[in-house]
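Next come the chains, spelled out residue by residue.
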Amino acid sequence: MDELLEFSELQEKTNVAAEELESAFMEIQQNHMLSKREVLFTLARVVDSFIRLEEDYEFDESKRIDAEAIFNDYFLACRDLQESQENDDEPVLDGQGN
């Protein structure tokens, strides 16, 4: 539960920046006539460059980010949140079936 709360806070904090990046990539996709696959490839390249830059300047290995773990945490937390939201939409039955 703590992880979901932390993820929700992180998602809220980064929401505006994520929307700006999504908008920018949509514009890039249109301007360069890229396929969805090419856009994902471009995103992966940018993320890889960001990670490599961080690795080059962070000499303390214990402080380096684990990109794979971050992506996995993101996807699992998204699924957990989506599942909890879907369960909230379902009617809750009391002991008498109401």
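Look above for the structure.
### Let's talk about the overall build of the chain
Reasoning step 1: Across its full length, the chain holds three helices and zero strands.
Reasoning step 2: Its helices and strands in sequence order give the chain the pattern α-α-α, from N to C terminus.
Reasoning step 3: Looking at the chain as a whole, 9% of its 98 residues qualify as buried.
Reasoning step 4: As presented, the chain carries roughly 9100 Å² of accessible surface, and 54% of it is formed by carbon and sulfur atoms.

### Points about a negative patch on the surface
Reasoning step 1: A surface patch of like charges, here negative, comprises Asp2, Glu3, Glu6, Glu9, Glu12, Asp66, Glu68, Asp73, Asp80 and Glu83.
Reasoning step 2: Elements with a contribution of two residues or more to the negative patch: helix H1 (2-32) and helix H3 (67-89).
Reasoning step 3: Ranked by residue count, the leading element in the negative patch is H1, at five residues.
Reasoning step 4: Residue placement: Asp73 occurs in helix H3.
Reasoning step 5: In this structure Asp73 comes out as exposed when scored by relative accessible area, which is 52%.

### Observations concerning H1
Because an α-helix packs 3.6 residues into every turn, residues spaced three or four apart end up facing the same way.
Reasoning step 1: Over its 31 residues, H1 extends 42 Å from the first C-alpha to the last, a length consistent with the 45 Å expected when each residue adds 1.5 Å.
Reasoning step 2: Helix geometry: H1 is bent most strongly at Asn15, by close to 50°.
Reasoning step 3: Of the residues making up H1, those classed as buried are Phe7, Phe25 and Gln29.
Reasoning step 4: Note on H1: the residue one or two positions beyond its end, Met33, has a positive phi of about 50°.

### Looking at a nonpolar patch on the surface
Reasoning step 1: Side chains of Val47, Phe71, Tyr74 and Phe75 sit close together on the surface and give an oily, nonpolar patch of about 360 Å² of accessible area.
Reasoning step 2: At three residues, H3 tops the list of elements feeding residues into the nonpolar patch.
Reasoning step 3: The residue Phe75 is located in helix H3 in this model.

### Description of the layout of surface pockets
Reasoning step 1: In this structure, the largest pocket encloses a volume near 1700 Å³.
Reasoning step 2: Taken together, 36 residues form the lining of the largest pocket, with Thr14, Ala18, Ile70, Phe71 and Tyr74 sitting closest to its centre.
Reasoning step 3: Every element with two or more residues in the lining of the largest pocket is listed here: H1, helix H2 (36-57) and H3.
Reasoning step 4: Per-element accounting of the lining of the largest pocket gives the leading share, 16 residues, to H1.
Reasoning step 5: Counted by class, the lining of the largest pocket contains 25 nonpolar, four polar and seven charged residues.

### Considerations on H2
Reasoning step 1: If you check H2, its first and last C-alpha atoms are 32 Å apart, about what 22 residues at 1.5 Å a residue would give, namely 32 Å.
Reasoning step 2: Every buried residue of H2 is listed here: Val39, Ile51 and Glu54. Looking straight down H2, one finds that the buried residues subtend no more than 110° of arc, so they occupy a single side. Seen from the open side of H2, the exposed residues pointing more than 90 degrees away from its buried face are Arg37, Phe41, Arg45, Arg52 and Asp56.

Cut-off values and rules
- Residues numbered from 1 in each chain as written.
- Predicted model: local features only at pLDDT ≥ 70, side-chain atom pairs only at ≥ 80, totals over all residues.
- Heavy atoms only, no water.
- Helix = DSSP H or I, 4+ residues; strand = E, 2+ residues; numbered from the N terminus.
- Buried < 20%, exposed > 50% of the residue type's maximum accessible area, 1.4 Å probe, protein only.
- Areas by Shrake-Rupley, 256 points an atom, 1.4 Å probe, with all protein chains shown as cover.
- Patch = residues over 30% accessible without salt bridge, like charges linked within 9 Å, V, L, I, M, F, W, Y side chains within 5 Å.
- Salt bridge = Lys/Arg side-chain N within 4 Å of Asp/Glu carboxyl O.
- Lys, Arg positive; Asp, Glu negative; His and termini not counted.
- Charge placed at Lys NZ, Arg CZ, Asp CG, Glu CD.
- Expected span 1.5 Å × (residues − 1).
- Bend = angle between axes of the 7 residues up to and from the residue.
- 1 Å grid on protein atoms, 1.4 Å probe; cavity = no way out; pocket = protein on both sides within 12 Å on 5 of 7 lines; lining within 4 Å.
- Points joined across faces, edges and corners; volume = space filled by probe spheres on them.
- Nonpolar A, V, L, I, M, F, W, Y, C, P; charged D, E, K, R; others polar.
- Arc of directions from axis to C-beta.

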